[in-house]
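# Summary of structural features
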Amino acid sequence: MSQLQDRIAQFRKMANDDPENELGHYRLGQLLAEAGEHEQAVQSFRRTLELSPHFSKVYHLLAQALLRLDRRDEAIQVLREGFRVADERGDRMPRDEMGRMLTELGETPPQGAKLSVGVSTSGAAGEGGFRCQRPGCMWGARARQLPKPPMSDEIGQRIQETVCADCWNEWLKNYSIKVINELRLDLSTDHGQAEYDRYMREFLGLD
Ligand SMILES: [Zn+2]
């Protein structure tokens with residue numbers, strides 16, 4: 001099996017063993033798209049959105065897969081929905097990418113209520129003005145900042161500045177363990193540690 005097929009098998013197992021795990025379906029969808037399996041990628045992305053309808057980047061990936069399958073009308077519908085979600089959340093990059101795709105398809109992007117140029121004031125701010133920047137954060141106006149950085153290095157600092165306490169706990173108590181278990185990461189090796197960091201950054205939206 002090629003390396004890509006190996007990883008697809010790993011994530012397919014993760015998605016089957018733990019069907020409520022949005023991360024598993026999301027990564028599986030990305031890998032399937034990479035392998036040109038767009039039909040199956042569509043299913044994985046749809047499942048991700050059932051579990052996490054605020055995960056704005058996934059609408060973008062889903063629409064891309066649909067376009068590869070010549071399902072244009074469906075793609076446009078997904079882009080409109082995704083644009084709205086991204087705009088509401090203040091996820092500017094996915095929103096602008098989906099707006100661009102709609103324009104390329106000859107559609108007029110919906111008017112984002114918060115489609116401002118320059119410094120964005122978008123996104124619901126939580127108590128004390130904290131806004132979580134993790135794609136898929138469900139906490140919106142209830143987002144709370146971590147009282148201190150979870151690690152003492154530069155990345156810990158960044159996590160405290162950009163990720164809410166609930167998202168961090170979700171990673172720490174839930175997904176990090178799944179990632180380690182399912183992928184059998186050996187954190188005592190450089191490779192294991194690098195993989196772990198990669199999943200953490202992806203989960204937290206730090207890249
Ligand atoms: Zn959050």
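Everything below is about the structure printed above this text.
All values reported here derive from a predicted model rather than from experimental measurement. (Residues numbered from 1 in each chain as written. Predicted model: local features only at pLDDT ≥ 70, side-chain atom pairs only at ≥ 80, totals over all residues. Heavy atoms only, no water.)

## Notes on the coordination of the zinc ion
Selection rule: Only nitrogen, oxygen and sulfur atoms count as donors, using a 2.8 Å cut-off from the metal that widens to 3.2 Å for Na, K and Ca. Water is left out, so coordination shells may look unfilled. Key to geometry: four donors with every angle between 85 and 135 degrees are tetrahedral; four donors are square planar and six octahedral where opposite donors lie over 155 degrees apart and all remaining angles lie between 65 and 115; all other sites are irregular. Residue exposure (1.4 Å probe, protein chains only): buried if accessible area is under 20% of the type maximum, exposed if over 50%, otherwise partly exposed.
Looking at the metal site, the zinc ion is ligated by Cys132 (SG), Cys137 (SG), Cys164 (SG) and Cys167 (SG), spaced 2.3 Å from it. Coordination at the zinc ion comes from four donor atoms whose angles at the metal span 103 to 114 degrees, giving a geometry best classed as tetrahedral. Classification of Cys137 by relative accessible area gives buried; the value is 4%.

## Looking at the packing of aromatic side chains
Under the convention used in this document: In this analysis, rings of Phe, Tyr and Trp, with Trp reduced to its six-membered ring, are considered paired at centre separations within 6.5 Å, and the interplanar angle assigns stacked below 30 degrees, edge-to-face beyond 60, and tilted for intermediate values. To qualify as a helix, a DSSP run of H or I must reach at least 4 residues; to qualify as a strand, a run of E must reach at least 2; elements of each kind are numbered from the N terminus. A ring has a charge above it when a Lys NZ or an Arg CZ is no more than 6 Å from the ring centre and no more than 35 degrees off the ring normal.
Counted according to the given criterion, the structure contains five aromatic pairs. Between the aromatic rings of Phe11 and Tyr199, the centroid separation amounts to 6.0 Å while the plane-to-plane angle is 40 degrees, which identifies the pairing as tilted. Of the two residues, Phe11 is situated in helix α1 (residues 3-17) and Tyr199 in helix α9 (residues 190-204); the sequence distance between them amounts to 188 residues. Tyr199 shares its class with Phe11; the two are buried. An angle of 40 degrees between the planes, with centres 4.8 Å apart, marks the rings of Tyr26 and Phe55 as tilted. Linking Tyr26 in helix α2 (residues 22-34) with Phe55 in the loop between α3 (38-51) and α4 (56-68), this pair joins segments that are 29 residues apart in sequence. What makes Tyr26 buried here is its relative accessible area of 4%. A network of ring pairs unites the aromatic residues Trp171, Tyr175, Tyr196 and Phe203 as a single cluster. A cation over an aromatic ring shows up here: Arg27 above the ring of Phe11, its NZ or CZ 5.9 Å from the ring centre.

## What to know about the packing of helix α5 (residues 72-89) against helix α6 (residues 92-104)
As a reminder of what qualifies: In this analysis an axis means a line fitted to C-alpha atoms, helices contributing only their contacting stretch, and an angle means the value between N-to-C directions, from 0 to 180 degrees. Each angle receives one of four descriptions, namely roughly parallel if under 35 degrees, roughly antiparallel if over 145, roughly perpendicular if within 65 to 115, and oblique otherwise. Two helices crossing with the near one rotated counterclockwise from the far one by less than a right angle form a left-handed crossing, whereas a clockwise rotation gives a right-handed crossing. Any two residues whose heavy atoms approach within 4.5 Å are treated as being in contact. All amino acids are sorted into three groups, where Ala, Val, Leu, Ile, Met, Phe, Trp, Tyr, Cys and Pro are nonpolar, Asp, Glu, Lys and Arg are charged, and the leftover types, Gly among them, are polar.
Two elements in contact, α5 and α6, have axes whose closest approach is 9 Å; the angle formed by their N-to-C orientations is 150 degrees. In this view, α5 runs roughly antiparallel relative to α6, as classed from their interaxial angle. Classified by chirality, the crossing of α6 by α5 is left-handed. On the side of α5, the interface is formed by Ile76, Leu79, Arg80, Gly82, Phe83, Ala86 and Asp87, while α6 contributes Arg95, Met98, Gly99, Met101 and Leu102. Its residues placed into classes, the contact of α5 with α6 shows seven nonpolar, two polar and three charged.

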